[in-house]
Amino acid sequence: MPWLGARIKERLKVSDQCGRTSAIICSYTFRRWQDLCQAIRSLQVQTPAIGEIIVVVDHNKELEAAVREQFPSVIALPNSGPPGLSGARNSGISASQGDFLLFLDDDARLAPGHLEPLLRHFSDENVIGVTAHVRPIWTVEAPSWFPREFLWVIGCTYDGQRSGPVRNLLGACMVLRRSAVDKIGGFETGLGRTTSLFPMGGEETEICIRAKRSFPSAVLLYDDGVHADHVVHTERVTLRYFTLRCFAEGLSKAHLVAMTDAPQGLSTERQYVQRVLAKGLSGRLRNLVLRRDWPAAGQAGAIVVGLAVTGVGYGLGRAARLFRPRHRGDRASFARASSSGTPP
């Protein structure tokens, strides 16, 4: 039975890929200690086993010591770069040995047995990155006004996201091919989350755009059949956080467009507004008129507010950059002696 031999060969190949995977979790606060422990355990139970699990602690020696004590098999190390998520991820990449780099948020969990299907896509040598379908775990009841088209606000996959090739990966759970990162460098520290008031982003989009520039035939994929769960705490289900996150996304996109000078900088956002938000808004208004669906009125309002606030953030970000020199953050280099400089 030739098909059986092919299946066994494929399974052995994916098993080998799991062993050559470095999982990187970045954390900075004891407030997420229980979430961090769950994130680590979700990786430890994957079969086949992950090659190594690295936890990068962002300038918190007590937390680093606690990780080392609680999880002796995990590599715990400090962020050796600038404070923030991008610097921490770059520190993890520098310390890693794997050919595949799995990034998981410290408040996320990879579903059992879902590492293998995530890595299976890399049998295609053109694939340099894959992201999972990230579902919310609400610690309190989801607000009735919260539109699922805006689940990206809380780090999850929004309703309407289509499986297949994408412009950029979702940072809560994604895998990058190491050889591509060796070639293009790490995450841009001028973007990404820090402890500032505004929950900024854009670092995943920037590195993905940069990867596509370096490897025009490369493919980035979203697989809605691979699942990760993202914990959503009380402070993220308020209207205040919703508007702050939308405003910060607008600022981040303004910074991103100025840094990349790439038409892809807003390509996904245009499609999202025209296809996802327009459909979501019209559907809510229709339900309000025909069915007296009052929660739909709140969700319609949130869609309008979210889009407007994001637009204001983008406009202010673009205007601010007109009056100051362009700034780029540090970008780590990870070239290895064995790297050929090509994605495979």
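Calculation rules
- Residues numbered from 1 in each chain as written.
- Predicted model: local features only at pLDDT ≥ 70, side-chain atom pairs only at ≥ 80, totals over all residues.
- Heavy atoms only, no water.
- Pairing = 2+ DSSP bridges.
- Helix = DSSP H or I, 4+ residues; strand = E, 2+ residues; numbered from the N terminus.
- Salt bridge = Lys/Arg side-chain N within 4 Å of Asp/Glu carboxyl O.
- Buried < 20%, exposed > 50% of the residue type's maximum accessible area, 1.4 Å probe, protein only.
- Contact = heavy atoms within 4.5 Å.
- Expected span 1.5 Å × (residues − 1).
- Core = buried A, V, L, I, M, F, W, Y, C linked by side-chain atoms within 4.5 Å.

**Student:** Account for the pairing of strand β3 (residues 75-78), with residues named and values stated.
**Tutor:** Examined bridge by bridge, strand β2 (residues 52-57) and β3 share four bridges and lie parallel to one another. Among the inter-strand pairings, Ile54 is bridged to a residue of β3, identified as Ile75.

**Student:** Please give an account of the pattern of salt bridges that cites residues and values.
**Tutor:** On inspection of all chains with the given rule, the structure shows 17 salt bridges. With a closest N to O distance of 2.7 Å, Arg20 and Asp99 form a salt bridge. Placement of Arg20 in the loop between α1 (2-19) and β1 (21-27) and of Asp99 in the loop between α4 (85-95) and β4 (100-105) is noted, with a sequence separation of 79 residues between them. Put simply, Asp107 and Arg32 hold a salt bridge, and the shortest N to O gap is 3.7 Å. Taken as a pair, Asp107 in the loop between β4 and β5 (108-110) and Arg32 in the loop between β1 and α2 (33-44) lie far apart in primary sequence, 75 residues in all. Of the two residues, Asp107 and Arg32, both sit in the buried class. Overlapping salt bridges bring together Arg167, Arg245, Glu249, Lys253 and Glu269 as one network.

**Student:** Give a description of the side chain of Ser91 that names residues and reports values.
**Tutor:** Note on placement: Ser91 falls in helix α4. Apart from the residues within four sequence positions on either side, Ser91 is in contact with Val56, Leu77, Pro78, Asn79, Ser80 and Gly81.

**Student:** Quick rundown of α2? Include the residues and the values.
**Tutor:** Taking 1.5 Å as the rise per residue, α2 with twelve residues should run 16 Å; its terminal C-alpha atoms sit 17 Å apart, in good agreement. Looking at the buried side of α2, the elements it contacts are β1, β2, α3 (61-70), β4, β5 and β9 (219-232).

**Student:** How would you sum up the nonpolar core? Please name residues and give values.
**Tutor:** If you look at the biggest cluster of nonpolar residues, it comprises 56 residues, and the most contacted ones within it are Leu43, Leu102, Phe150, Val153 and Cys173. Looking at this core, the element that brings in the most residues is α2, giving six residues. Aside from chain neighbours lying at most four places away, what touches Leu43 is Ala23, Ile25, Ile50, Ile53, Leu102, Leu104 and Leu110. In terms of nonpolar packing, the next biggest core, distinct from the first, is built from 26 residues, Ile24, Ile128, Leu169 and Ala218 among them.

**Student:** Please give an account of unusual backbone geometry that cites residues and values.
**Tutor:** At the junction of Thr47 and Pro48, the peptide bond is cis and its omega measures out at -10 degrees in the coordinates. Despite not being glycine, His59 has its phi angle at roughly 55 degrees, a positive value. Structurally, His59 can be placed in the loop between β2 and α3. Given the relative accessible area of 52%, His59 is considered exposed. In the Ramachandran plot, Arg292 falls in the positive-phi region, its phi being about 50 degrees despite a non-glycine side chain. By secondary structure assignment, the location of Arg292 is in the loop between α9 (267-291) and α10 (294-321). Arg292 sits in the exposed class, given a relative accessible area of 53%.

**Student:** Pulling in residues and values, what's your account of the environment of Gln17?
**Tutor:** By the secondary structure assignment, Gln17 is in helix α1. What makes Gln17 buried here is its relative accessible area of 2%. When the C-alpha atoms of Gln17 and Ile50 are compared, they prove to be 8.6 Å apart, with 33 residues separating the residues in sequence. Gln17 has contacts with Phe100, Leu119, Arg120, Phe122 and Ser123, leaving out every residue within four places of it along the chain.

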